[in-house]
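One letter stands for each residue in the lines below.
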Amino acid sequence: AAPVERVSGLQPAAAAKIFLAGGLCSSVAHTLLVPLDVVKTRLQTEPPGTYSGPLDCARSLAASEEGAAAFLQGAGATAFGYALAGACAFGLLEVFSRAINEAAGAGNSLFFSTPLLALASACATAFCAAVVCPFEAVRIGAVRNGASSLAAVQ
């Protein structure tokens, strides 16, 4: 039987592509969902009975003096925060996965590939959650106060 090959180290250019792709994809995906997030956050932060449901909340937002712009509250914090979080989640998954597999050794990394991948994923996700948390707090403040992300920070 042929020996198990080691995975080569992650080159800086390849790492940059992974971090960039993760950040870009995560930022776009989460930012596209901001209007739904605004409605959800308003439903959660307003006193009970303010809205009869999500559609009533959306209608009220659209009819308010803020108009359609109300659906983009917190978009800046979401775009920036999830760009960082996505870059960390996807980039660090690759970094941690390679480091953990290297530490485990070629044979063990092949035999225990699923648990080792789960460990690498948990490490990357924990880091990602810590990165995105402040941006989520800004987003929620912006939606609750009917302001932009920048105004919510000030």
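Notes on the structure in this doc start here.

Rules used in this analysis
- Residues numbered from 1 in each chain as written.
- Predicted model: local features only at pLDDT ≥ 70, side-chain atom pairs only at ≥ 80, totals over all residues.
- Heavy atoms only, no water.
- Axes fitted to C-alpha atoms, helices over the stretch in contact; angles between N-to-C directions.
- Helix = DSSP H or I, 4+ residues; strand = E, 2+ residues; numbered from the N terminus.
- Parallel < 35°, antiparallel > 145°, perpendicular 65-115°, else oblique.
- Contact = heavy atoms within 4.5 Å.
- Nonpolar A, V, L, I, M, F, W, Y, C, P; charged D, E, K, R; others polar.
- Expected span 1.5 Å × (residues − 1).
- Bend = angle between axes of the 7 residues up to and from the residue.
- Buried < 20%, exposed > 50% of the residue type's maximum accessible area, 1.4 Å probe, protein only.
- Core = buried A, V, L, I, M, F, W, Y, C linked by side-chain atoms within 4.5 Å.

**As for the packing of helix α2 (residues 34–45) against helix α3 (residues 54–63)**
Between two packed helices, both the angle of their axes relative to each other and the distance between the axes serve to describe the pair.
Working step 1: Close contact between α2 and α3 brings their axes to 9 Å; oriented N to C, the two are set at 105°. The orientation of α2 relative to α3 falls into the category roughly perpendicular. Seen from α2, the contacting residues are Val-38, Val-39, Arg-42 and Leu-43; seen from α3, they are Pro-54, Cys-57, Ala-58 and Leu-61.
Working step 2: Looking at side-chain class alone, the contact of α2 with α3 contains seven nonpolar, no polar and one charged residues.

**Let's talk about helix α6 (residues 113–145)**
Working step 1: Between its terminal C-alpha atoms α6 stretches 47 Å, which fits the 48 Å expected from 33 residues at 1.5 Å a residue.
Working step 2: Along α6, the sharpest change in direction is near 35° and occurs at Val-132; proline Pro-134 comes one to four residues later.
Working step 3: Those residues of α6 lying buried are Leu-116, Ala-120, Ala-124, Cys-128, Val-132, Glu-136, Arg-139, Gly-141, Ala-142 and Val-143.
Working step 4: In this fold, the buried residues of α6 make contact with α2, α4 (75–104), α5 (106–111) and α7 (149–153).
Working step 5: Two residues or fewer after α6 comes Gly-146, characterised by a positive phi angle close to 65°.

**Focus on the nonpolar core**
Working step 1: Counting ten residues, the largest nonpolar core consists of Val-34, Val-38, Val-39, Tyr-51, Cys-57, Leu-61, Ala-70, Phe-71, Ala-75 and Val-143.
Working step 2: Elements represented by at least two residues in this core include exactly α2 and α3.
Working step 3: Per-element tally for this core: the top contributor is α2, with three residues.
Working step 4: Residues in contact with Val-39, not counting those within four places in the same chain, are Pro-54, Cys-57, Ala-58, Leu-61 and Phe-71.
Working step 5: In terms of nonpolar packing, the next biggest core, distinct from the first, is built from five residues, Tyr-82, Ala-85, Ala-89 and Val-132 among them.

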